[in-house]
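Inside the fold
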Amino acid sequence: ALVKPEAREDFIASIQKPEISVDYTHPSVVNSNADFYCRHNLPFVMGTTGGDRTALEQRVKDSDIVAVIAPNMAKQIVAFQAMMKYAADNFPTAFDGYSLEIVESHQKGKVDTSGTAKAMVSYFNTLGIPFDVEQIRMIRTPQQQVAMGIPEDALTGHGWHTYTLKSKDGSVLFRFTHNVNGREVYAAGTIDAIRYLNEKIATGEKGKVYSMMDVLKGK
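Residues numbered from 1 in each chain as written. Predicted model: local features only at pLDDT ≥ 70, side-chain atom pairs only at ≥ 80, totals over all residues. Heavy atoms only, no water.

**Points about the packing of helix α4 (residues 75-90) against helix α5 (residues 115-126)**
Running from amino to carboxyl end, α4 crosses α5 at an angle of 20 degrees, the nearest separation of the two axes being 8 Å. One finds that α4 runs roughly parallel with respect to α5. For the crossing formed where α4 meets α5, the hand is left-handed. On α5, the residues touching Ile77, Phe80, Gln81, Met84, Lys85 and Ala88 of α4 are Thr116, Ala119, Met120, Tyr123, Phe124 and Thr126. (Axes fitted to C-alpha atoms, helices over the stretch in contact; angles between N-to-C directions. Helix = DSSP H or I, 4+ residues; strand = E, 2+ residues; numbered from the N terminus. Parallel < 35°, antiparallel > 145°, perpendicular 65-115°, else oblique. Left-handed = near helix turned anticlockwise from the far one by under 90°. Contact = heavy atoms within 4.5 Å.)

Structure representation (C-alpha coordinates):
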(Lines give C-alpha, C1' and ligand atoms only; values in the text may rest on other atoms or scores of the structure.)
Protein backbone atom coordinates (compact mmCIF):
# COMPACT_ATOMS: atom_id res chain seq x y z
CA ALA A 1 0.00 0.00 0.00
CA LEU A 2 1.20 3.52 -0.78
CA VAL A 3 0.68 5.52 2.40
CA LYS A 4 0.77 9.32 2.47
CA PRO A 5 2.31 11.06 5.51
CA GLU A 6 -0.98 12.45 6.77
CA ALA A 7 -2.56 8.98 6.74
CA ARG A 8 0.22 6.87 8.19
CA GLU A 9 -0.90 6.90 11.83
CA ASP A 10 -4.36 5.64 10.86
CA PHE A 11 -2.79 3.03 8.59
CA ILE A 12 -0.56 1.71 11.35
CA ALA A 13 -3.55 1.38 13.64
CA SER A 14 -5.39 -0.66 11.02
CA ILE A 15 -2.79 -3.37 10.33
CA GLN A 16 -2.69 -6.61 12.27
CA LYS A 17 1.07 -7.09 12.49
CA PRO A 18 4.25 -5.18 11.67
CA GLU A 19 4.95 -5.03 7.95
CA ILE A 20 8.10 -4.16 6.03
CA SER A 21 8.00 -0.56 4.85
CA VAL A 22 9.73 0.67 1.70
CA ASP A 23 10.93 4.27 1.71
CA TYR A 24 11.59 6.24 -1.48
CA THR A 25 10.61 9.71 -0.37
CA HIS A 26 12.54 12.98 0.07
CA PRO A 27 15.94 13.71 1.66
CA SER A 28 14.37 16.20 4.06
CA VAL A 29 12.27 13.51 5.78
CA VAL A 30 14.78 10.65 5.93
CA ASN A 31 15.42 10.93 9.66
CA SER A 32 11.85 11.68 10.72
CA ASN A 33 10.59 8.74 8.66
CA ALA A 34 13.15 6.42 10.24
CA ASP A 35 12.06 7.60 13.67
CA PHE A 36 8.45 6.78 12.75
CA TYR A 37 9.37 3.26 11.61
CA CYS A 38 11.40 2.63 14.76
CA ARG A 39 8.69 3.93 17.11
CA HIS A 40 6.12 1.66 15.49
CA ASN A 41 8.41 -1.38 15.17
CA LEU A 42 8.25 -1.35 11.38
CA PRO A 43 11.28 -2.95 9.70
CA PHE A 44 12.10 -0.99 6.57
CA VAL A 45 14.02 -0.83 3.32
CA MET A 46 15.22 2.70 2.54
CA GLY A 47 16.54 3.78 -0.83
CA THR A 48 16.09 7.48 -0.12
CA THR A 49 19.37 9.41 -0.03
CA GLY A 50 20.25 12.43 2.07
CA GLY A 51 19.58 13.24 5.69
CA ASP A 52 21.94 12.60 8.58
CA ARG A 53 23.14 9.10 7.70
CA THR A 54 25.01 8.55 10.96
CA ALA A 55 21.95 9.46 13.01
CA LEU A 56 19.79 7.36 10.69
CA GLU A 57 21.77 4.19 11.30
CA GLN A 58 22.13 4.86 15.02
CA ARG A 59 18.35 5.26 15.37
CA VAL A 60 17.86 1.76 13.98
CA LYS A 61 20.63 0.31 16.15
CA ASP A 62 18.90 1.74 19.23
CA SER A 63 15.57 0.18 18.23
CA ASP A 64 13.96 -3.26 18.15
CA ILE A 65 13.82 -3.45 14.35
CA VAL A 66 16.15 -4.15 11.44
CA ALA A 67 16.53 -2.26 8.17
CA VAL A 68 18.22 -2.33 4.79
CA ILE A 69 19.54 1.15 4.05
CA ALA A 70 21.36 1.82 0.78
CA PRO A 71 21.86 4.78 -1.56
CA ASN A 72 21.47 2.43 -4.54
CA MET A 73 19.25 -0.64 -4.83
CA ALA A 74 20.56 -1.78 -8.23
CA LYS A 75 22.47 -4.98 -7.45
CA GLN A 76 24.81 -4.73 -10.42
CA ILE A 77 25.85 -1.19 -9.51
CA VAL A 78 26.36 -2.28 -5.90
CA ALA A 79 28.59 -5.10 -7.20
CA PHE A 80 30.59 -2.50 -9.16
CA GLN A 81 30.97 -0.46 -5.98
CA ALA A 82 32.18 -3.58 -4.17
CA MET A 83 34.87 -4.03 -6.83
CA MET A 84 35.96 -0.42 -6.38
CA LYS A 85 36.06 -0.89 -2.62
CA TYR A 86 38.25 -3.97 -3.09
CA ALA A 87 40.61 -1.96 -5.28
CA ALA A 88 40.75 0.87 -2.75
CA ASP A 89 41.38 -1.51 0.16
CA ASN A 90 44.07 -3.50 -1.62
CA PHE A 91 45.73 -0.97 -3.92
CA PRO A 92 45.71 2.36 -2.08
CA THR A 93 47.33 5.28 -3.93
CA ALA A 94 47.28 3.30 -7.21
CA PHE A 95 45.98 6.43 -8.97
CA ASP A 96 48.13 8.91 -7.10
CA GLY A 97 48.56 12.05 -9.21
CA TYR A 98 45.46 11.45 -11.33
CA SER A 99 42.59 13.93 -11.64
CA LEU A 100 38.93 12.94 -11.36
CA GLU A 101 35.67 14.16 -12.86
CA ILE A 102 32.31 12.77 -11.75
CA VAL A 103 29.14 13.58 -13.68
CA GLU A 104 25.79 12.21 -12.58
CA SER A 105 22.39 12.77 -14.17
CA HIS A 106 19.01 11.97 -12.63
CA GLN A 107 15.43 13.07 -13.17
CA LYS A 108 14.85 16.70 -12.20
CA GLY A 109 12.76 15.65 -9.18
CA LYS A 110 15.88 14.28 -7.47
CA VAL A 111 17.05 17.30 -5.48
CA ASP A 112 20.18 15.92 -3.86
CA THR A 113 23.47 14.62 -5.22
CA SER A 114 23.50 10.92 -6.00
CA GLY A 115 24.35 8.82 -2.97
CA THR A 116 26.12 6.35 -5.23
CA ALA A 117 28.40 9.06 -6.60
CA LYS A 118 29.13 10.26 -3.07
CA ALA A 119 30.06 6.74 -1.98
CA MET A 120 32.42 6.37 -4.94
CA VAL A 121 34.33 9.49 -3.90
CA SER A 122 35.71 7.77 -0.79
CA TYR A 123 37.09 4.90 -2.90
CA PHE A 124 38.80 7.27 -5.31
CA ASN A 125 40.23 9.24 -2.38
CA THR A 126 41.80 6.05 -1.02
CA LEU A 127 43.15 5.26 -4.47
CA GLY A 128 45.11 8.51 -4.27
CA ILE A 129 42.86 11.10 -5.91
CA PRO A 130 41.91 14.18 -3.86
CA PHE A 131 38.28 14.95 -4.63
CA ASP A 132 35.34 16.34 -2.66
CA VAL A 133 31.67 15.45 -3.04
CA GLU A 134 30.97 19.14 -3.73
CA GLN A 135 32.87 18.73 -7.01
CA ILE A 136 30.37 16.21 -8.37
CA ARG A 137 28.52 17.65 -11.37
CA MET A 138 24.76 17.21 -11.02
CA ILE A 139 22.72 17.29 -14.23
CA ARG A 140 19.00 17.85 -13.72
CA THR A 141 17.99 19.86 -16.78
CA PRO A 142 16.09 17.84 -19.43
CA GLN A 143 17.65 19.79 -22.29
CA GLN A 144 21.16 18.91 -21.11
CA GLN A 145 20.13 15.30 -20.56
CA VAL A 146 18.78 14.90 -24.08
CA ALA A 147 22.02 16.37 -25.40
CA MET A 148 23.91 13.74 -23.38
CA GLY A 149 21.98 11.02 -25.21
CA ILE A 150 19.46 10.12 -22.53
CA PRO A 151 16.24 8.88 -24.20
CA GLU A 152 13.31 11.23 -23.78
CA ASP A 153 11.15 8.48 -22.30
CA ALA A 154 13.77 8.06 -19.53
CA LEU A 155 13.94 11.71 -18.50
CA THR A 156 11.49 11.10 -15.66
CA GLY A 157 13.45 8.14 -14.33
CA HIS A 158 17.12 7.46 -14.98
CA GLY A 159 20.57 7.37 -13.41
CA TRP A 160 23.61 8.05 -15.59
CA HIS A 161 27.06 8.17 -13.95
CA THR A 162 30.48 8.69 -15.50
CA TYR A 163 33.79 8.69 -13.61
CA THR A 164 36.75 9.99 -15.63
CA LEU A 165 40.33 9.62 -14.38
CA LYS A 166 43.29 11.29 -16.12
CA SER A 167 47.00 11.06 -15.48
CA LYS A 168 48.87 14.25 -14.68
CA ASP A 169 50.35 14.55 -18.19
CA GLY A 170 47.09 13.55 -19.89
CA SER A 171 48.59 10.49 -21.56
CA VAL A 172 46.41 7.97 -19.68
CA LEU A 173 42.63 8.01 -19.29
CA PHE A 174 40.26 5.68 -17.46
CA ARG A 175 36.48 6.03 -17.70
CA PHE A 176 33.86 4.07 -15.79
CA THR A 177 30.23 4.48 -16.80
CA HIS A 178 26.95 2.98 -15.61
CA ASN A 179 23.77 4.24 -17.26
CA VAL A 180 20.32 3.16 -16.13
CA ASN A 181 17.11 4.08 -17.97
CA GLY A 182 13.90 3.51 -16.05
CA ARG A 183 13.47 2.09 -12.56
CA GLU A 184 13.12 -1.65 -13.12
CA VAL A 185 16.61 -2.50 -11.89
CA TYR A 186 15.97 -0.60 -8.64
CA ALA A 187 12.61 -2.31 -8.15
CA ALA A 188 14.19 -5.75 -8.58
CA GLY A 189 16.88 -4.92 -6.03
CA THR A 190 14.28 -3.59 -3.61
CA ILE A 191 12.33 -6.85 -3.78
CA ASP A 192 15.52 -8.79 -3.02
CA ALA A 193 16.16 -6.46 -0.07
CA ILE A 194 12.64 -7.12 1.26
CA ARG A 195 13.18 -10.88 1.03
CA TYR A 196 16.54 -10.58 2.77
CA LEU A 197 15.08 -8.44 5.55
CA ASN A 198 12.20 -10.87 6.01
CA GLU A 199 14.72 -13.66 6.62
CA LYS A 200 16.49 -11.57 9.25
CA ILE A 201 13.20 -10.79 10.97
CA ALA A 202 12.35 -14.49 11.06
CA THR A 203 15.58 -15.21 12.96
CA GLY A 204 14.76 -12.57 15.58
CA GLU A 205 17.39 -10.02 14.61
CA LYS A 206 17.02 -6.58 16.22
CA GLY A 207 18.81 -3.26 16.08
CA LYS A 208 20.82 -3.96 12.95
CA VAL A 209 21.38 -2.06 9.72
CA TYR A 210 22.17 -3.97 6.53
CA SER A 211 23.44 -2.71 3.18
CA MET A 212 22.80 -3.90 -0.36
CA MET A 213 26.24 -5.50 -0.23
CA ASP A 214 24.87 -7.65 2.61
CA VAL A 215 21.87 -8.50 0.43
CA LEU A 216 24.16 -9.49 -2.45
CA LYS A 217 26.20 -11.75 -0.17
CA GLY A 218 23.05 -13.25 1.30
CA LYS A 219 24.62 -13.48 4.76
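**Concerning the side chain of Gln107**
Along the chain, Gln107 turns up in the loop between β4 (99-106) and α5. When its relative accessible area of 17% is taken as the criterion, Gln107 is described as buried. With sequence-adjacent residues up to four places away left out, Gln107 is seen in contact with Arg140, Gln145, Leu155, Thr156, Gly157, His158 and Arg183. (Buried < 20%, exposed > 50% of the residue type's maximum accessible area, 1.4 Å probe, protein only.)

**Here's the deal with α5**
Between the first and last C-alpha of α5 there are 18 Å, a value that for twelve residues agrees with the 16 Å anticipated at 1.5 Å per step. In this structure, the buried residues of α5 make contact with α4, β4, β6 (158-166), β7 (173-181) and α8 (212-217). A side-chain oxygen of the first residue of α5 lies 3.2 Å from the backbone nitrogen of Thr116; this N-cap is Ser114. Just beyond α5, the residue with positive phi is Gly128, at close to 110 degrees. (Expected span 1.5 Å × (residues − 1). Polar contact = N/O pair within 3.5 Å; in protein donor to acceptor, adjacent residues only side chain to side chain.)

**Topic: the sheet that holds strand β5 (residues 137-139)**
Ordered in space as β5-β4-β6-β7, the four strands form an open sheet in which the pairing is mixed. Only two strands of the sheet have a single partner each, and these edge strands are β5 and β7. Ignoring which end each strand starts from, the neighbouring axes of this sheet average 10 degrees apart. As paired strands, β4 and β6 are joined by eight bridges and run antiparallel to one another. Across the sheet, residue His106 finds its bridge partner in β6, namely Gly159. (Pairing = 2+ DSSP bridges.)

**A look at the packing of aromatic side chains**
Using the criterion set out here, one finds nine aromatic pairs in the structure. Seen in terms of ring centroids, Phe36 and Tyr37 are 6.0 Å apart; in terms of plane orientation they differ by 70 degrees. Their pairing is edge-to-face. Among the residues examined, Tyr37 registers a relative accessible area of 8% and is labelled buried. For the pair Tyr86 and Phe91, a centre-to-centre distance of 6.4 Å together with 75 degrees between the ring planes defines the contact as edge-to-face. Classification of Tyr86 by relative accessible area gives exposed; the value is 53%. Among the aromatic residues, ring-to-ring pairing joins Phe36, Tyr37 and Phe44 into one connected group. Here Arg8 stacks its cationic end above the ring of Phe36, 4.0 Å away from the centre of that ring. (Phe/Tyr/Trp six-rings, centres within 6.5 Å; stacked < 30°, edge-to-face > 60°. Lys NZ or Arg CZ within 6 Å of the ring centre and 35° of its normal.)

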